[in-house]
Amino acid sequence: SYRKGGYHAVRVADTFAGGRYIAQRKLGWGQFSTVWLAYDSQTAKYVALKIQKSAPEFAQSAIYEIEVVSALTKHDPENKKCVIQLVDHFKHTGPNGQHFCMVFELLGDSILQLIKYNRYKGLPLNKVRDICRCILTALDYLHRQLGIIHTDLKPENILLVSTINPSNDPNQSKMVPIVSKPEGSMNNNGGCVANGIEKKLKQRARQAVARIYARRASLGGVRPVTKGDRCLDGIDFRCKVVDFGNACWANRPNADEIQTRQYRAPEVILQSGYTFSADMWSFACTAFELATGETMFAPKTGQSFSEDEDHLALMMEILGKIPRKIATGGLRSKDYFDRYGDLKRIRRLKHVPLARLLTEKFKFSVNDACDFAGFLIPVLDFAPEKRPTAGQCLQHAWLNKSSESSVQKLDSEMSKLQIK
Ligand code: ATP
Ligand code: MG
Ligand code: MG
């Protein structure tokens, strides 16, 4: 992919925008871009520099993403809406062409990484609540205030708020930026080809990473957990929604097929038209995954049925039958359903209601399972217009309850009774 029209190869200490940003190390990558930790010499802060591939289709999508995130940033001057903030954007010309670059505030690990660090066991419910509140705040802002549908909500696109910026954490200003180019050639991962300087640089990077993890562990970030580790205790999670490369204004949708498979809403599969409520479906799937460590729906192609049909079957096993009118009302309905609203190729479904799935497979207490299912089920309504909005979800009792256990709850109720 590092060829004409593709990624721009970056070396540690490369500079951008006339010397303002200095590349430090690679943070991540996607289908469209590589993302680098960079030092902003103008503000003395660390930022995330997203460098888009250069071919016209990628440039077009960058222009679009810049338009969306500029709007997000402009209407959230107090930075309270749990969406990524754009700092700057510019074009950078390299051997592979001209690349659109976006500079974002620096964030930390994704909540997918958080689930991995927790060994796919699911996070404690009070953490799930913290994260849900942030996502819903973002969605309420996007939907109600800006009229934007994210269309790709999933754990990978929700990042924890980082503590490694001097602005967030005064102690971190000690992290020394790399400003000069080491001698010798480097590969585009930011690693040097063997020479003396490489060793030093790698050592320095390792120390920096170790420092970051240590700080994060104590200041609200995460680190990989070991057995019996309770490192998530006492940490207050804040996170933000990112990756607006596929977002669209509801009044000008730009694709029929949206969303990553596991988080895709039924109306998208059936092609019955979608709006903001499609994000709510993905939100519910994300919340389930946070709480259990497993994706809610993991459809597979079978010998006699498609991935789409399996997906619809899995939905009905947990949520009950899709009402006939909805099942048969989409442009693609005939591919999957007969005229009675039954799947054509998957005839036998095993109905396991959500609350039972949570107690039996994921060992939730009956109370926790019923409460959590009570929160999710309305959001997973097959009728998109019946799903609660993000604003309505924020008012739900489940989000606003304390994290006391049912035993504690019983105790406190007993003591109240005795006082009376
Ligand atoms: P996709 O193929 O998912 O559309 P993309 O090319 O649009 O990817 P992003 O998803 O925006 O790129 O970013 C790629 C990765 O870079 C993210 O998954 C994340 O690990 C990292 N990243 C992105 N933005 C930030 C940020 N602001 N702070 C820290 N890391 C970030
Ligand atoms: Mg992404
Ligand atoms: Mg993207």
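Residues numbered from 1 in each chain as written. Chains lettered and ligands numbered in written order. Predicted model: local features only at pLDDT ≥ 70, side-chain atom pairs only at ≥ 80, totals over all residues.

1. Here we look at the sheet that holds strand 6 (residues 97–105)
We count it as follows: In this description, strands pair whenever DSSP reports at least two bridges between them. Put simply, DSSP H or I for four residues or longer makes a helix, DSSP E for two residues or longer makes a strand, and each gets a number counted from the N terminus. The contact rule is simple: place each C-beta atom from the backbone, and if two of them lie within 7 Å, those residues are in contact. To get an axis, fit a line to the C-alpha atoms, keeping to the stretch in contact for a helix; angles then go from 0 to 180 degrees between the N-to-C directions.
With respect to topology, six strands assemble into an open sheet ordered 1-2-3-4-6-5, the strand pairing being antiparallel. Lying at the two open borders of the sheet, with one neighbouring strand each, are strand 1 (15–16) and strand 5 (86–94). Note that strand 4 (residues 45–52) and strand 6 share five bridges and pair antiparallel. Paired with Leu49 across the bridge in strand 6 is Val103. Set on the sheet, helix 1 (residues 56–74) makes contact with strand 4, strand 5 and strand 6; between it and strand 6 the angle comes to about 25°.

2. With respect to the site of ligand 1
Put simply, the rule is: Each residue receives a C-beta atom placed from its backbone. It is near a molecule or strand if this atom lies within 6 Å of it.
Not every one of the 20 residues close to ligand 1 is listed here, only the nearest: Gly28, Gly30, Phe32, Val35 and Ala48. Among the elements that take part in the shell around ligand 1, strand 2 (residues 21–29) stands out by supplying three residues, more than any other.

3. Re the nonpolar core
Here is the rule: In plain words, the nonpolar core is the set of buried Ala, Val, Leu, Ile, Met, Phe, Trp, Tyr and Cys residues that C-beta atoms within 7 Å link up. With C-beta atoms placed from the backbone, the exposure class of a residue follows from how many other C-beta atoms lie within 10 Å of its own: 20 or more, buried; 12 or fewer, exposed; in between, partly exposed.
In this structure, Leu49, Ile135, Ala284 and Leu376 are the most contacted members of the largest nonpolar core, which totals 101 residues. The contacts of Ile135, once residues within four sequence positions are left out, are Ile158, Val241, Phe283 and Thr286.

4. As for unusual backbone geometry
Although it is not a glycine, Tyr120 sits at a positive phi angle of roughly 55°. Mapped onto the elements, Tyr120 comes out in the loop between helix 2 (111–117) and helix 3 (125–146). Assessed through the 11 C-beta atoms surrounding it within 10 Å, Tyr120 is described here as exposed. At Lys363, a residue that is not glycine, the phi angle is positive and equals roughly 60°. The topology assignment puts Lys363 in the loop between helix 10 (354–360) and helix 11 (366–376).

5. Let's talk about helix 6 (residues 277–292)
Side chains that are three or four residues apart share a direction in an α-helix, a result of its 3.6 residues per turn. The cut-off we apply is this: Multiplying 1.5 Å by the helix residue count minus one yields the expected span of that helix.
Here helix 6 contains 16 residues, and its C-alpha end-to-end distance of 23 Å stays within 8% of the 22 Å for a straight helix at 1.5 Å per residue. Counted residue by residue, helix 6 has 16 buried out of 16 residues, so it is predominantly covered. Directly beyond the C-terminal end of helix 6, a positive phi value near 85° is found at Gly293.

6. Describing the environment of Met316
In this fold, Met316 is placed in helix 7 (residues 307–319). The class for Met316 is buried, based on 20 C-beta atoms found within 10 Å. With 18 residues separating them along the chain, Met316 and Ala298 place their C-alpha atoms 13 Å apart.

7. Things to note about the environment of Ala369
In this fold, Ala369 is placed in helix 11. Separated by 13 residues in sequence, Ala369 and Arg356 place their C-alpha atoms 7.6 Å apart. Beyond its immediate sequence surroundings of up to four residues, Ala369 is in contact with Ala355, Leu358, Thr359 and Phe364.

8. Some words on the environment of Phe337
Structurally, Phe337 can be placed in the loop between helix 9 (333–336) and helix 10. Remark: the alpha-carbon pair of Phe337 and Lys74, spanning 263 residues in sequence, is separated by 45 Å. If sequence neighbours within four positions are ignored, Phe337 has contacts with Ala327, Thr328, Asp342, Leu343 and Lys344.

9. Some details on the sheet that holds strand 7 (residues 107–110)
With antiparallel pairing, three strands are arranged side by side in an open sheet as 7-9-10. If you trace the sheet from one side to the other, it starts and ends with strand 7 and strand 10 (239–241), each paired once. Adjacent strand axes in the sheet meet at a mean angle of 40°, parallel and antiparallel pairs treated alike. The pairing of strand 7 with strand 9 (residues 158–161) spans two bridges and is antiparallel. Following the sheet pairing, Ser110 is matched in strand 9 by Leu159. Taken strand by strand, helix 3 contacts strand 9 and strand 10, and its axis lies near 35° from that of strand 10.

10. Points about the UniProt feature "binding site: ATP" (unreviewed entry) in the protein
The following threshold applies: UniProt positions are given in the numbering used here, feature names are shortened, and annotations may be inferred rather than shown by experiment.
UniProt records the feature "binding site: ATP" (unreviewed entry) for Lys50 in the present numbering. Note that Lys50 resides in strand 4. C-beta crowding within 10 Å serves as the criterion here: with 28 such atoms nearby, Lys50 is assigned to the buried category. Those residues in contact with Lys50 that sit more than four places away from it in its chain are Ser33, Val35, Cys101, Met102 and Phe104.

11. Side note on the confidence of the model for the protein
The test is simple: A score from 0 to 100, pLDDT tells how confident the predictor is in each residue.
Confidence in the prediction of the protein, expressed as mean pLDDT, is 86, and 80% of residues score 70 or more. A low-confidence stretch, residues 188–198 stays under pLDDT 50, and its non-local contacts, those more than four residues away or across chains, total 27 contacts. Per-residue pLDDT stays below 50 along residues 208–231; that stretch engages in 35 contacts with residues further than four places along the chain or on separate chains. This prediction of the complex comes with two scores: 0.85 for pTM and 0.98 for ipTM.

12. Focus on helix 7
Over its 13 residues, helix 7 extends 18 Å from the first C-alpha to the last, a length consistent with the 18 Å expected when each residue adds 1.5 Å. Of all the residues in helix 7, the buried ones are Glu309, His311, Leu312, Ala313, Met315, Met316 and Ile318. On its buried side, helix 7 packs onto helix 5 (266–270), helix 9 and helix 10. Of the residues trailing helix 7, Gly320 is marked for its positive phi of about 90°.

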